[in-house]
Amino acid sequence: MKNPNELCGIWHGKDASAAITEDYSIFFLRLEPELIAAVLKHSDYGTAGTVYGVGRDWNANAIYRIIAPDSGKVFCNDENDERLRLHENDKAELDGSGVLIYTAYNGSRFELTLSEKFNKDFFVKDKNTDSLSLPEKMAKWNVLSCFCNENEVYNVHIDAIKNSAYFGFDEKENFLYCRIGKNAYCEKGWAMLSTTCIRMNECRMLEDNLLALDDYKLNEDFFVKDGCSFPDDGGWYWSVKEVTDDVIYLNGCGGATYEIHKN
């Protein structure tokens with residue numbers, strides 16, 4: 001069942017965030033002070049993945065239950081944790097005042113406020129961006145919604161102007177990465193502040209996640225000309241490497257080059 005249009009967008013609450021499109025969604029939930037869940041749902045497949053980050057910051061580990069839509073194969077590194085299955089019974093709905101209420105299977109209730117609204121054309125690329133500034137082009141071109149499952153590898157993006165959400169999994173490569181963050185752009189590049197992040201050995205969410213509703217104010221001095229940087233504000237900074245009519249190239253992490261495409 002597809003998500004109603006009024007749910008589609010990016011939402012944040014004190015202990016939760018959500019990225020919702022018509023066809024799929026990613027929910028981030030602080031169930032306990034040191035237990036954060038990322039729940040991936042799809043209108044055709046149901047709950048396609050549940051990840052628990054257990055611990056805090058780098059003193060953490062992740063457990064997961066992922067279902068490959070193409071084969072139905074289940075990947076799980078803790079078959080004894082029944083909680084991972086039970087999130088199929090979670091519900092998300094609006095109350096009468098426009099607040100998103102997410103109710104987990106155990107009765108935990110999260111209230112979320114809308115940060116960015118998705119209408120039916122939100123993810124359609126605008127062809128007429130030539131007159132925009134470089135920061136405006138990056139913001140517009142970076143918008144993306146995709147649910148990719150190929151060879152039992154996940155790459156799920158819900159990238160908006162101010163917010164970006166991601167759910168990635170590859171058991172063969174021991175890769176797990178669930179994240180939502182805030183974007184900011186300037187002539188020097190793109191910066192992101194991740195507000196919730198779960199990896200194999202990392203687990204964190206802003207102490208007061210309502211701060212995720214605020215715009216991210218980047219510091220241009222934090223950009224490194226020929227690379228990426230991770231300054232004390234917690235942001236990730238990718239500097240501009242090259243600009244063409246159709247692609248903006250950025251200095252990524254570990255010597256990689258990131259690309260933002262016009263189309």
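**Student:** Just give me the short version of helix 2 (residues 134–141), but keep the residues and values in it.
**Tutor:** Taken across its eight residues, helix 2 has six buried, putting it largely inside the fold. Inspection of helix 2 places Leu134, Pro135, Lys137, Met138, Ala139 and Trp141 among the buried residues, and these make up the whole buried set. Turning to helix 2, the residues buried within the fold contact strand 14 (175–186), strand 15 (189–199), strand 18 (235–243), strand 19 (247–251) and strand 20 (257–261).

**Student:** Residue-level account of the environment of Phe167, with values.
**Tutor:** In this fold, Phe167 is placed in strand 13 (residues 163–170). Linking Phe167 and Arg204, residues 37 residues apart in sequence, is a C-alpha distance of 15 Å. If near-sequence neighbours (up to four positions away) are discounted, Phe167 is found in contact with Ile26, Ala38, Leu40, Gly49, Val51, Ile66, Tyr154, Asn155, Val156, Tyr177 and Cys178.

**Student:** Tell me about the packing of aromatic side chains, and please be specific about residues and values.
**Tutor:** Here the structure, examined in full by the defined rule, presents 18 aromatic pairs. Members of the aromatic cluster, each reached through a chain of ring pairs, are Tyr24, Tyr45, Phe147, Tyr154 and Phe167. One residue, Arg199, lies across the ring of Tyr177, its end atom 4.8 Å from the ring centre.

**Student:** Residues and numbers for the environment of Ala48, please.
**Tutor:** Secondary-structure assignment places Ala48 in strand 5 (residues 46–56). Residues Ala48 and Pro69 lie 21 residues apart in sequence; the distance between their C-alpha atoms is 7.2 Å. In contact with Ala48, other than residues within four places in its own chain, are Leu40, Lys41, Arg65, Ile66, Ile67, Phe147 and Tyr154.

**Student:** Residues and numbers for the pairing of strand 1 (residues 9–13), please.
**Tutor:** A regular strand places its side chains so that they alternate between the two faces of the sheet. Across the five residues that make up strand 1, a large majority, five, are buried. Neither face of strand 1 is open: one carries Gly9, Trp11 and Gly13, the other Ile10 and His12, and all of them are buried. Bridge count between strand 1 and strand 2 (residues 16–20): five bridges; the pairing is antiparallel. Residue pairing across strands places His12 opposite Ser17, the latter belonging to strand 2. Taking the residues between adjacent antiparallel strands as the criterion, strand 1 and strand 2 are bridged by two residues.

**Student:** Can you tell me about the pairing of strand 11 (residues 144–150), naming the residues and giving the values?
**Tutor:** Direction of pairing for strand 11 relative to strand 12 (residues 153–159): antiparallel, over a ladder of seven bridges. Bridge pairing links Phe147 to Val156 in strand 12. Hairpin remark: strand 11 followed by strand 12, antiparallel, with two residues in the connecting loop; positive phi at Asn151, about 55 degrees.

**Student:** Go over the side chain of Ser164 with me, naming the residues and quoting the values.
**Tutor:** Note that Ser164 resides in strand 13. At a separation of 2.8 Å, a polar atom in the side chain of Ser164 contacts the side chain of Asn183. In this structure, Ser164 is in contact with Ile158, Asp159, Arg179, Ile180, Gly181, Asn183 and Met192, ignoring residues within four places of it in sequence.

**Student:** Quick rundown of the environment of Phe230? Include the residues and the values.
**Tutor:** Take Phe230: it is sitting in the loop between strand 17 (228–229) and strand 18. Taking the C-alpha atoms as reference points, Phe230 and Ser97, 133 residues apart in sequence, are found 39 Å from one another. Not counting residues up to four positions away in its chain, the partners in contact with Phe230 are Gly235, Trp236 and Cys253.

Parameters at a glance
Residues numbered from 1 in each chain as written. Predicted model: local features only at pLDDT ≥ 70, side-chain atom pairs only at ≥ 80, totals over all residues. Heavy atoms only, no water. Buried < 20%, exposed > 50% of the residue type's maximum accessible area, 1.4 Å probe, protein only. Helix = DSSP H or I, 4+ residues; strand = E, 2+ residues; numbered from the N terminus. Contact = heavy atoms within 4.5 Å. Phe/Tyr/Trp six-rings, centres within 6.5 Å; stacked < 30°, edge-to-face > 60°. Lys NZ or Arg CZ within 6 Å of the ring centre and 35° of its normal. Pairing = 2+ DSSP bridges. Polar contact = N/O pair within 3.5 Å; in protein donor to acceptor, adjacent residues only side chain to side chain.

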